[in-house]
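Each chain, written out:
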Amino acid sequence: MQSNALVAIVGMAVVTYLTQVGGLWLISKVTPSPRVAALLRHIPGAVLVAIVAPAVFTQGLAEASAALATMLVAIRTKNVLLAMVVGIGVVWGLRHLFP
Amino acid sequence: MQEPVTFTWSGALLGVRRSLALILSVCTYGVAFGVIARQTGLSLTEATLMSAVVRAGAAQLVVLGLWSTPLPVVAIVLTTLLVNLRFLLMGAALRPWFARLSSLKAYGSLCFLGDESWALTMHELTEGKQDAAFLAGSGLMLNIAWIVATVAGYLLGAIIGNPEQWGLDFAFTATFLALLVGMWKGKATLAPWIVAAAVALVCAHWLPGKWYILLGGLAGSVMGALLDAK
C-alpha cells in the first residue's frame with residue numbers, strides 16, 4: 001500500500017470519528033443557530049446531487065435514460081438494490097442497442 | 001422524574017438483533033463499494049482497511065470518485081468531513097440519553113454511529129427503552145456486515161471483469177440516485193438541488209479534478225439554508 005493512501009485512509013477515519021462524537025460534544029457546549037442547522041440538514045442531498053449531475057447530464061442518452069429509470073424504480077418501490085439493478089440493466093441494454 | 005439510562009449487555013444484544021433486518025441493505029452498499037473500489041484501482045488491503053477504520057458508506061463511495069494519481073489527500077479528507085457532517089446533527093439528537101452516560105461509554109459507542117444504527121437507536125430510545133448500549137450493538141453488527149461485504153464485492157469484481165461491458169460503471173451513479181430519492185423532502189429540496197447540480201456541472205467543466213462535488217454540495221446546502229431562513 002502506498003504511504004499517502006494510508007495517510008488518506010487514517011485521515012478519513014479521524015475526521016469521521018470527529019463528526020461522530022462532535023455533535024454530542026458541541027451540543028453540550030453551544031446550540032447551533034437555526035441557519036447552521038439548516039445548512040447541515042441540506043448537505044447530504046446537495047452533495048449527492050453534485051456527485052451524480054455530471055454523469056447524468058453530460059455522458060449521453062443511455063446514462064440519462066438509465067438515471068430516469070433508476071429514480072422511477074426507487075420512487076415506486078423504495079428498493080435501492082432493485083433500482084440499482086434496473087439502472088445498470090438499462091445502461092447495459094442501451095449501450096448495446098446504440099453503440 | 002426521568003428514568004435512569006442504562007448501558008448493559010442485553011441492551012447491546014437487542015441492538016444486534018434489531019439490526020439483522022438491515023444487514024441486506026448494508027451489504028448491498030458494501031458490495032457496491034468493493035466492486036467500485038476495485039474499478040478505481042484500490043488494492044484489496046486499501047479497500048478493506050478503509051471499510052474497517054472509516055466505516056462510513058456514503059463518504060467512502062464519494063471518496064472513490066476522488067481517488068486518482070497523485071492522490072489528492074487533502075481533498076479526500078475534506079470531502080469525507082463534508083459528507084459526514086450530518087453525523088453532528090445525529091449525535092446532537094442523542095443528547096437526552098448520552099449526556100447522562102460516562103464520557104467513556106458515550107464517546108466510545110459514538111464511533112458506531114451510522115445512518116442505520118442511529119435511526120434504529122433513536123426509535124428504540126424514543127419508545128422508552130432506556131438502554132444506550134443499543135447503539136454500540138447495532139453499529140458493531142452493521143460495521144461487520146459492511147467490512148465482509150466490501151471484501152466480497154472486491155473479489156466478485158475480479159470474476160466480473162471489465163465492468164463497463166456490463167454497465168457496472170453505472171452502479172455508483174445508480175446507487176446514489178436511489179439514495180437521493182429517499183432524501184427528497186418536497187419542494188423545499190428542489191431549489192437547493194438545482195443549485196447543487198448547476199454549480200457541479202459548471203465546476204466539472206471548468207475546474208480540474210473532482211472539486212465539483214465539494215463546491216456543488218456547498219452551494220446547494222447554502223441555498224437550502226437561505227431558503228429555510230425565510
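Residues numbered from 1 in each chain as written. Chains lettered and ligands numbered in written order. Predicted model: local features only at pLDDT ≥ 70, side-chain atom pairs only at ≥ 80, totals over all residues. Heavy atoms only, no water.

Chemist: What am I meant to see in unusual backbone geometry here?
Modeler: One can expect most non-glycine residues to show negative phi and most peptide bonds to be in trans. Following T69 of chain B, the chain continues to P70 of chain B via a peptide bond in cis, the omega torsion being -5 degrees. With respect to the helices and strands, the residue P70 of chain B is situated in the loop between α4 (57-64) and α5 (73-84). With a phi close to 60 degrees, K78 of chain A is a non-glycine residue in the positive phi region. The topology assignment puts K78 of chain A in the loop between α3 (61-77) and α4 (80-97). (Helix = DSSP H or I, 4+ residues; strand = E, 2+ residues; numbered from the N terminus.)

Chemist: When you look at the pattern of salt bridges in this model, what are you seeing that I'm missing?
Modeler: In a structure, side chains of opposite charge can pair up when their charged atoms sit close to one another. All chains considered together, the criterion is met by 3 salt bridges over all chains. Across the pair R95 of chain A and E63 of chain A runs a salt bridge, and its minimum N-O distance is 2.9 Å. With R95 of chain A in helix α4 and E63 of chain A in helix α3, the pair connects residues that are 32 residues apart, well separated along the chain. Judged by relative accessible area, R95 of chain A falls into the partly exposed class, the value being 21%. Across the pair K129 of chain B and E124 of chain B runs a salt bridge, and its minimum N-O distance is 3.5 Å. (Salt bridge = Lys/Arg side-chain N within 4 Å of Asp/Glu carboxyl O. Buried < 20%, exposed > 50% of the residue type's maximum accessible area, 1.4 Å probe, protein only.)

Chemist: Can you help me understand helix α13 (residues 211-229) of chain B in this one?
Modeler: Note that an α-helix has 3.6 residues per turn; residues three or four places apart therefore point the same way. Across its 19 residues, α13 of chain B extends 27 Å between first and last C-alpha, which sits within 8% of the 27 Å expected from 1.5 Å per residue. Looking at the buried side of α13 of chain B, the elements it contacts are α2 (34-58) of chain A together with α4, α5 and α12 (187-206) of chain B. (Expected span 1.5 Å × (residues − 1). Contact = heavy atoms within 4.5 Å.)

Chemist: Just to check I follow, could you spell out the domain arrangement of chain B for this structure?
Modeler: By convention, interface size is frequently given as the accessible area that disappears when the constituent parts associate. Residues and elements named next belong to chain B. Domain assignment breaks chain B into domain 1 (9-183) and domain 2 (186-230). A straight line from the C-alpha centre of domain 1 to that of domain 2 covers 24 Å. For the domain 1 and domain 2 pair, buried surface summed over both sides reaches about 670 Å², with 84% attributable to carbon and sulfur atoms. Counting across the domain 1 and domain 2 interface gives 0 salt bridges. Here domain 1 and domain 2 share 0 residue pairs in polar contact (both at pLDDT 80 or more) between them. (Domains from an automatic or database assignment. Buried area = accessible area lost by both parts, 1.4 Å probe. Polar contact = N/O pair within 3.5 Å; in protein donor to acceptor, adjacent residues only side chain to side chain.)

Chemist: Looking at this structure, I do not really get the nonpolar core. What am I missing?
Modeler: For soluble globular proteins, nonpolar side chains are generally found buried alongside one another. Counting residues in hydrophobic clusters, the biggest one holds 88 residues, and the most contacted among them are I51 of chain A together with M50, W67 and F98 of chain B. Top element by residues in this core is α2 of chain A. It accounts for 11 residues. Split by domain, this core shows at least three residues from each of two domains, domain 1 (9-183) and domain 2 (186-230) of chain B. For I51 of chain A, the residues in contact, after removing those within four places along its chain, are V62, F172, F176, Y212 and I213 of chain B. (Core = buried A, V, L, I, M, F, W, Y, C linked by side-chain atoms within 4.5 Å.)

Chemist: What is the right way to look at the environment of T48 of chain B in this model?
Modeler: Residue and element names in this part refer to chain B. Among the structural elements, T48 can be located in helix α3 (residues 44-53). Judged by relative accessible area, which is 21%, T48 ranks as partly exposed. For the pair T48 and Q165, spaced 117 residues apart in sequence, the C-alpha separation works out to 25 Å. In this structure, T48 is in contact with I147, T150 and V151, ignoring residues within four places of it in sequence.

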